[in-house]
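# Notes for the structure review
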Amino acid sequence: MRSKILTMTLIAATTAIAVSGLAQQPTRPAAPGAGRSAAPGPPIATVGPLSISRSDVESRYSTAMDQYRMRTGSAVPAEFEPIVHRQVLEGFIRRDLLVLEAPRQGITITDAEAEAELKRDPFFQSGGSLNETRFLAVKNGQPQAFASALALIRQQLAARRLNERLERDLSEPEPVLRARAERALTRASVEYLGLRRGEFLTDAPEPRESAVLGYYRSHADEFRRPDRATLSVAFVNLPALADSLVGDAGAARAWNDRMKQRADSALARVRAGASLEEAAEPFGAPRQNVVVTRDNFPGFWQGDERLGASIFLKAPGTVLAEPVAGKPGWLLVRVDEVRPAHVAPLAEVAREIRGRLRADARRRSDDLELRALYDGLRDSLRITTYRVRYAVADTAGMNPGVPRPADLDRYYRAHLADYSSYDPATASVRVRSLAAVEDDVRLRWRHDRRVELARLAIARIEDLWRHGRRDRGAEGAVTLFREVGPVALGAPPDTGVAGGALGDSLTARAGAPGVGVGPTPRGPMVFDVYQVLHDQLPEFEQARPTLTARRTEARDRRDAVSARALYDRDPRQFLGADVVHFTRVLVPTVNLVDVPLTRDEVERYHREHIDKYSAPELMRARHILISPADPGPSADSAARAKAADILRRVRAGEDFGTLASRYSDDPATKDKGGDLGTFGRGVMLEEFERVAFTLRPDEVSDLVKTEVGYHIIKCMNRESAVAQPLVWIYANVGADAAVEKSKLLAKQRADSLYVAAKTPARIFAVARSMGDEVANLEFSVGDHRAIAELLPVLERLEKLRPGQAYPGSYEVPGLGYALSWVDSITPPPTPTWVQARQRAIDAWRGGADQRALDAKCAEIDSLLRGGWSLDSAAALWGGLQTEQALTPGNGLHGLGASGIIDSLVFGADSPPVLRRGDVSAWLAVPMGAARLRLRERVSPDATRLASRVENDRRERLERKLFAYFEGLKSRSPVRILDPVLRNVVLPEPPPE
């Protein structure tokens, strides 16, 4: 994007200079008698029979560079200098094309007009007036030279007149340009109620608006929000305590005292009138939008209850009068907002309520339909069932005892690698002593011991059952022992996480009788399938998976019948899009072993891609996971409340590892005190990782919600990314650099072919002669089932006419660079039922979505007719959405509809329909429906409008001139003799 903007800036800065001989005065020959100039030297390019001298191009190029510096205050970037040079040459090429075209257009210049132009030459001027004596002396004394000068002037005057005619004929009328620019620059602020078609239930009744309101009123306590404050916090902890002194209690106290003094000094500045930002400037910008409740403060907050409670009594803008103990250092705190406990407004929770009601409606509808199906299919549902006993040993419930010093030492030595890290500063391995990590070793020993005890307990029961014996003592010693049945395969045989794991194990062994073992989230399990019951009618819940599958099949059959009837009424309504047939010439990448590569190029590639060759940022963390017991909202609320209470206990100083071992629902880390070990980015869940990598060592996060529940994260330590020296990875970097250069070489050859050959026929002929691959391909308009990198290419090809070429080259990932042109565009054939089947089914089902949407729009209309305002109705959908700076062509976020919105707000073909405060009727938009209210429409100021009109005029004119001159080049061949400029591809004018 930056290169595109800069390129267009350069074109704007140089095009006028390059063609100034056409727009202003023609370039005159030296007046006869003015002295003989030096020979012009070899030409830089030819246009038909005309030549362009290198000296003229270089002179004007120098002028272009100077004027660019004057306009921008900086030099043209080195990578764009060839484009400017080529653009200047293009101006001379256009001049000569007009010289050749003017006679064909019947433009002639009389001798009198040519003489009048020659008289304006400085050679014939004295004091601003014509020196008639000198002019006549040359005219009469050098008749041959005089005649040659007049002939050349006639040519260039004719070219200038043709240029003026083109600009006059191709320029759009000023009123049209002004109206278009004013519309494009107008900004509007709108608010709207948007209903998205895909949200509505089609297999269950959609909740009514009255039901949403009723639920909110009857469940107000569920939506009560606690006291909440928003803070800005400045951290006074610089310079940080050196790592080597972290374990020195005396040094830590001295550092903490110094930070306290600095915090007191900063507060003194606040009391003297400075803002928090000004006072905290030596420590970095304050962290904003820190949200706290009375029982939930962030991990870096070490203040007592008195300070925490005082926040909720402060007026917004107040800075606490004393520093707050932080971890590490001290905190300067400003209260930005205090919001007392309250019931969340309807708009804040309406979508949550609607989701609950929809889930309940779908669940009730499913149960009614499935129970009716169950009653009708009872005999055909008979299956084989099983009676099973199973036992689970929860690792958290095992008592590992107290480890002896020898146990800890043995465990530490066996896991020494876990307590070692590479120190890049000394190029050595740093090992943490047992004393420094004893707490962690003890936790991990206890975890491993619990796992071993659980394994032994299950192994004992497994051995007994395999030999047909039972031991009530062994079965009672484990966490869970049950006998269940009859159970069916494919359904959980029991409640809880162990039941799900048991169901998976039974399905995996296809119900085979006998003893088996398997894992559960809580610990190891053993089970015994001890009885097989044939020809059993399953209970309703056991049959639910089968019933659901049969209902889906029945629905699919019904939908297919209805869709076939829709197809039979008019098969052509399911026509596909037009088919674009195009040719692709592929210039392959160079074989890597043949790529010329210097050491300087490898070193430069390494510098430019240093992140790619750096050891990743790593961190070690603990976490506590609290998972909801089931998918319902009440279970989620209970899990959040439990997690918040545990976080409060962590903040109060309870040991994180102990709380994790006792309460965490993550079986993989629970018995290790929540220890996740060391990990880098891209390993954890996105929401978890986003928070974890913002934490400092020993800092505890707020609650973090992911798809598995609520996490509390504690950062143990962080390791920054470390760059690998080139000498270690030279071969890898060289291979990567060769791949990139191979692509560059292919692109350069493809660009050269495009510039040199120009027309599809010539490109085809040259490609064939060079052995490049030529393929005939096709795709349907809008059908972009291709790799993502080629989507822009297909979208551009769709807009071309047969015979037009794709502008420039494009990359075909993994193969090389390609040139393409459109051969033909054909209409699609009428599809058969097989071809149209899925589209017809989608159309039928989409109709159900539309019917549900229409019904909801009618229901909301009835509320509005009954006295509701648009704002009140929108509160039932989360409130009105806003677009603060809506621009033409963009439509509404997530809804689209730029065309109808442009007409209502900006006036696409007529004055705007909506006035300030007006509310539209329901608008049919691509994704659903919307009612729109205009808040404000702001027109552009005169200066900006005038600038836009001029820019649009120049761009549109250049777009038309570009096409015109490309046509002239086919009549008067252009040869660029300079090998460097010949390979420079000029950017096309930007599309409208």
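Here, residues in each chain are numbered from 1, in the same order as that chain's written sequence. Only residues with pLDDT of at least 70 are given local features in this predicted model, and only at 80 or more are side-chain atom pairs given and counted; all residues enter the totals for whole chains, interfaces and linings. As a rule here, side-chain values come from all non-hydrogen atoms in the structure, and water together with hydrogens is ignored.

By definition, any uninterrupted DSSP run of H or I lasting at least four residues is a helix, any uninterrupted run of E lasting at least two residues is a strand, and each is numbered from the N terminus. To estimate how far a helix should extend, the number of its residues minus one is multiplied by 1.5 Å. Look at helix α20 (residues 633–651): 27 Å from first C-alpha to last across 19 residues, which is about the 27 Å you get at 1.5 Å a residue. Looking only at α20, the buried set comprises Ala-635, Ala-639, Ala-643, Ile-646, Leu-647, Arg-649, Val-650 and Arg-651. Contacts between residues were defined by any pair of non-hydrogen atoms, one from each residue, lying within 4.5 Å. Buried-residue contacts for α20 involve β21 (618–626), α21 (656–663) and β24 (709–719). Positive backbone phi, approximately 110 degrees, marks Gly-653, located one or two places after α20. The rule is simple: take the accessible area with a 1.4 Å probe, protein chains only, and divide by the maximum for that residue type; under 20% is buried, over 50% is exposed, in between is partly exposed.

Before going further, it helps to spend a moment on the sheet that holds strand β2 (residues 50–53). Reading across the sheet, the three strands line up as β2-β1-β32 and stay open at both edges, with antiparallel pairing between neighbours. In this open sheet, the two edge strands, each paired with only one partner strand, are β2 and β32 (974–976). Ignoring which end each strand starts from, the neighbouring axes of this sheet average 20 degrees apart. Should DSSP find at least two bridges between two strands, the strands are regarded as paired. Bridge count between strand β1 (residues 43–47) and β2: four bridges; the pairing is antiparallel. Bridge pairing in β2 places Ala-45 opposite Ile-52. Contacts between helix α3 (residues 54–72) and the sheet are confined to β1 and β2, with β2 contributing the most and set at about 45 degrees to the helix. With respect to the sheet, helix α4 (residues 81–104) is in contact with β1, β2 and β32, its orientation differing from that of β2 by roughly 150 degrees. Geometry is summarised by axes, namely lines fitted to C-alpha atoms with helices restricted to the contacting stretch, and by angles between N-to-C directions that run from 0 to 180 degrees.

So, on to the packing of aromatic side chains. Classification of ring pairs rests on two measures: the distance between centres of Phe, Tyr or Trp rings, Trp counted by its six-membered ring, which must be within 6.5 Å, and the angle between planes, read as stacked under 30 degrees, edge-to-face over 60 and tilted in between. Inspection of every chain in the model, using the stated rule, returns 16 aromatic pairs. Pairing Phe-297 with Trp-301 gives two aromatic rings, centres 4.8 Å apart and planes at 40 degrees, and the pair type is tilted. Summarising the burial analysis for this pair, Phe-297 and Trp-301 share the class buried. With 6.0 Å between their ring centres and 90 degrees between their planes, Phe-679 and Phe-693 make a pair best called edge-to-face. Here Phe-693 lies in the loop between α22 (686–692) and β23 (704–706) and Phe-679 lies in strand β22 (residues 675–680), a separation of 14 residues in the sequence. A single burial state applies to Phe-679 and to Phe-693, both of which are buried. Put simply, the rings of Phe-123, Phe-124, Phe-135 and Phe-146 pair up and form one aromatic cluster. Counted as over-ring charges are cases with an Arg CZ or a Lys NZ within 6 Å of the ring centre that also lie within 35 degrees of the ring normal. If you follow Arg-354 out to its NZ or CZ, it ends over the ring of Trp-877, 3.6 Å from the centre. Cation over ring: Arg-389 sits above Tyr-530, and NZ or CZ is 4.1 Å from the ring centre.

Among the buried residues, those of types Ala, Val, Leu, Ile, Met, Phe, Trp, Tyr and Cys that are joined through side-chain atoms within 4.5 Å form a nonpolar core. Residues Ile-52, Leu-89 and Ile-93 are the most contacted members of the largest nonpolar core, which totals 45 residues. Elements represented by at least two residues in this core include exactly β1, α3, α4, α5 (111–119), α6 (132–141), α7 (143–170), α29 (942–971) and β32. Take this core: its biggest share by element is 11 residues, from α4. By size, the runner-up hydrophobic cluster in this structure holds 28 residues, among which are Leu-213, Leu-346, Ala-875 and Trp-922.

On to the sheet that holds strand β30 (residues 923–925), then. Spatially, the four strands line up as an open sheet ordered β29-β5-β31-β30, and their pairing is antiparallel. The open sheet is flanked by β29 (881–886) and β30, the only strands paired with a single partner. Each strand axis lies, on average, 40 degrees off the axis of its neighbour in the sheet, ignoring direction. Examined bridge by bridge, β30 and strand β31 (residues 928–938) share three bridges and lie antiparallel to one another. Considered in β31, the bridge of Val-925 is made with Gly-928.

Together, Leu-416, Val-429 and Val-431 make up an exposed nonpolar region whose accessible area comes to about 240 Å². Turning to its location among the elements, Val-429 is positioned in strand β15 (residues 428–431). Patch membership needs two things, relative accessible area over 30% and no salt bridge, and members are linked within 9 Å if like-charged or within 5 Å if nonpolar (Val, Leu, Ile, Met, Phe, Trp, Tyr). Accessible surface area values rest on a Shrake-Rupley calculation with a 1.4 Å probe, where residue burial reflects the displayed protein chains alone. Should a side-chain nitrogen of Lys or Arg be within 4 Å of a carboxyl oxygen of Asp or Glu, the pair is scored as a salt bridge.

Before going further, it helps to examine helix α9 (residues 209–218). For α9, the complete set of buried residues consists of Glu-209, Val-212, Leu-213, Tyr-215 and Tyr-216. In a view along the axis of α9, the buried residues occupy a sector of 160 degrees, so they form one face of it. Facing away from the buried side of α9 by more than 90 degrees, the exposed set consists of Ser-210, Arg-217 and Ser-218. In this description, one arc is meant: the one made by directions from the helix axis to the C-beta atoms.

Strand residues, when the strand is regular, have side chains that alternate between the two faces of the sheet. Pairing between strand β13 (residues 383–392) and strand β18 (residues 524–536): nine bridges, direction antiparallel. By the bridge assignment, Arg-387 is partnered in β18 with Gln-531. Both strand β17 (residues 514–519) and β18 contribute to a ladder of six bridges, which runs antiparallel. Across the sheet, the residue bridging to Gly-518 is Met-525, located in β18.

As a further point, take the packing of helix α8 (residues 174–185) against α29. Where α8 meets α29, the closest approach of the two axes is 9 Å, and the angle between their N-to-C directions is 120 degrees. In terms of orientation, α8 lies oblique with respect to α29. You can see that α8 and α29 cross each other, and the crossing is right-handed. Side by side, α8 and α29 meet where Glu-174, Leu-177, Arg-178, Arg-180, Ala-181, Glu-182, Ala-184 and Leu-185 of the first sit next to Arg-944, Leu-945, Arg-948, Val-949, Asp-952, Arg-953 and Arg-956 of the second. Its residues assigned to classes, the contact of α8 with α29 shows six nonpolar, no polar and nine charged. An angle below 35 degrees is read as roughly parallel, one above 145 as roughly antiparallel, one from 65 to 115 as roughly perpendicular, and any other as oblique. With the far helix as reference, a near helix turned anticlockwise by less than a right angle produces a left-handed crossing, and one turned clockwise produces a right-handed crossing. Amino acids outside the nonpolar list (Ala, Val, Leu, Ile, Met, Phe, Trp, Tyr, Cys, Pro) and the charged list (Asp, Glu, Lys, Arg) are all regarded as polar, and Gly is one of them.

This part is about the pattern of salt bridges. When the charged atoms of two side chains lie near each other, side chains of opposite charge can form a pair. This structure, assessed with the given rule, holds 83 salt bridges. Notably, a salt bridge pairs Asp-439 with Arg-442, separated by 3.7 Å at the nearest N-O pair. Of this pair, Asp-439 and Arg-442 both sit in helix α15 (residues 434–466), three residues apart, which is roughly one turn of the helix. Residue classification places Asp-439 among the exposed residues on the basis of a relative accessible area of 59%. Across the salt bridge formed by Arg-620 and Asp-675, the nearest N and O atoms sit 2.4 Å from each other. In this pair, Arg-620 is assigned in strand β21 and Asp-675 in strand β22, connecting sequence segments 55 residues apart. Of the residues examined, Asp-675 reaches a relative accessible area of 5% and is grouped as buried. Several salt bridges share partner residues, and in doing so they unite Asp-203, Arg-362, Asp-366, Glu-369, Arg-551 and Arg-555 into one network.

Moving on to unusual backbone geometry. Residue Pro-328 follows Lys-327 across a cis peptide bond; omega there is 5 degrees. With respect to the secondary-structure elements, Pro-328 resides in the loop between β10 (324–325) and β11 (330–339). Following Gly-485, the chain continues into Pro-486 via a peptide bond in cis, with omega recorded as 0 degrees. Secondary-structure assignment places Pro-486 in strand β16 (residues 480–487).

A separate point is the packing of α3 against α4. Between α3 and α4, the shortest axis-to-axis distance is 9 Å and the interhelical angle comes to 125 degrees. Classified by the angle between their axes, α3 and α4 sit oblique to one another. Here α3 runs over α4; the crossing is right-handed. The residues of α4 that touch α3, namely those facing Asp-56, Val-57, Glu-58, Arg-60, Tyr-61, Ala-64 and Met-65, are Glu-81, Val-84, His-85, Val-88, Leu-89 and Phe-92. Residue classes in the contact of α3 with α4 are distributed as eight nonpolar, one polar and four charged.

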